[in-house]
Amino acid sequence: AALELRANGGRVIREAAASHLALAGSHAPVFTVQDVVVQEGGTLQVVAHNLAGDSKTEVFLVHATLADVAGWLAEWHGRSRTVFIDFPGHGAPSPWDSSKTVVEW
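Since the structure is predicted, the reported quantities are computational estimates derived from the model, not experimental observations.

Colleague: Help me get a handle on the packing of aromatic side chains, residues and values and all.
Modeller: Counted by the stated rule, this structure contains three aromatic pairs. Residues F60 and W72 carry aromatic rings whose centres are separated by 5.7 Å and whose planes lie at 75° to one another, so their mutual orientation is edge-to-face. Here W72 lies in helix α2 (residues 66–77) and F60 lies in strand β3 (residues 55–61), a separation of 12 residues in the sequence. For F60, a relative accessible area of 12% translates into the label buried. On the accessibility criterion, W72 (9% relative accessible area) is buried. Three or more aromatic residues joined by ring pairs form one cluster here, namely F31, F60, W72 and W76.

Colleague: Account for the sheet that holds strand β4 (residues 84–86), with residues named and values stated.
Modeller: Hydrogen bonds between backbone groups are what pair the strands of a sheet, and the pairing can be parallel or antiparallel. Spatially, four strands are ordered β3-β2-β1-β4 in an open sheet, and the strand pairing comes out mixed. Among the strands making up the open sheet, the edge pair consists of β3 and β4. Strand-to-strand twist of the sheet, defined as the mean angle between neighbouring strand axes without regard to direction, takes the value 35°. Alignment of strand β1 (residues 30–39) against strand β2 (residues 43–50), held across eight bridges, turns out to be antiparallel. Paired with V33 across the two strands is A48, which belongs to β2. Along the sheet, α2 makes contact with β1, β2, β3 and β4, crossing β3 at roughly 145°.

Thresholds, definitions, all that
- Residues numbered from 1 in each chain as written.
- Predicted model: local features only at pLDDT ≥ 70, side-chain atom pairs only at ≥ 80, totals over all residues.
- Heavy atoms only, no water.
- Phe/Tyr/Trp six-rings, centres within 6.5 Å; stacked < 30°, edge-to-face > 60°.
- Helix = DSSP H or I, 4+ residues; strand = E, 2+ residues; numbered from the N terminus.
- Buried < 20%, exposed > 50% of the residue type's maximum accessible area, 1.4 Å probe, protein only.
- Pairing = 2+ DSSP bridges.
- Axes fitted to C-alpha atoms, helices over the stretch in contact; angles between N-to-C directions.
- Contact = heavy atoms within 4.5 Å.

Following this line, the structure appears as structure tokens:
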């Protein structure tokens, strides 16, 4: 595993550190991505909810990563650099998953 993390000049480590995905055990706001819809024209519609029950919808390019969604949610929260994201039925990604696309998650 260590060789994999150091591959490509440490790209995986840099991406994980730069992502807005919270590491297990840390304190960060929690969001639930309730719906992801692939739309015509190569876009995704993502519907997320915070713990207060407020919802927000954003449109991303179809190749958007988990880091892209985490960045949007951190910006929405406004007071935390990192967030936890729950994808019901799919779990919660860690910073190590940040480069995976929403579609593949």
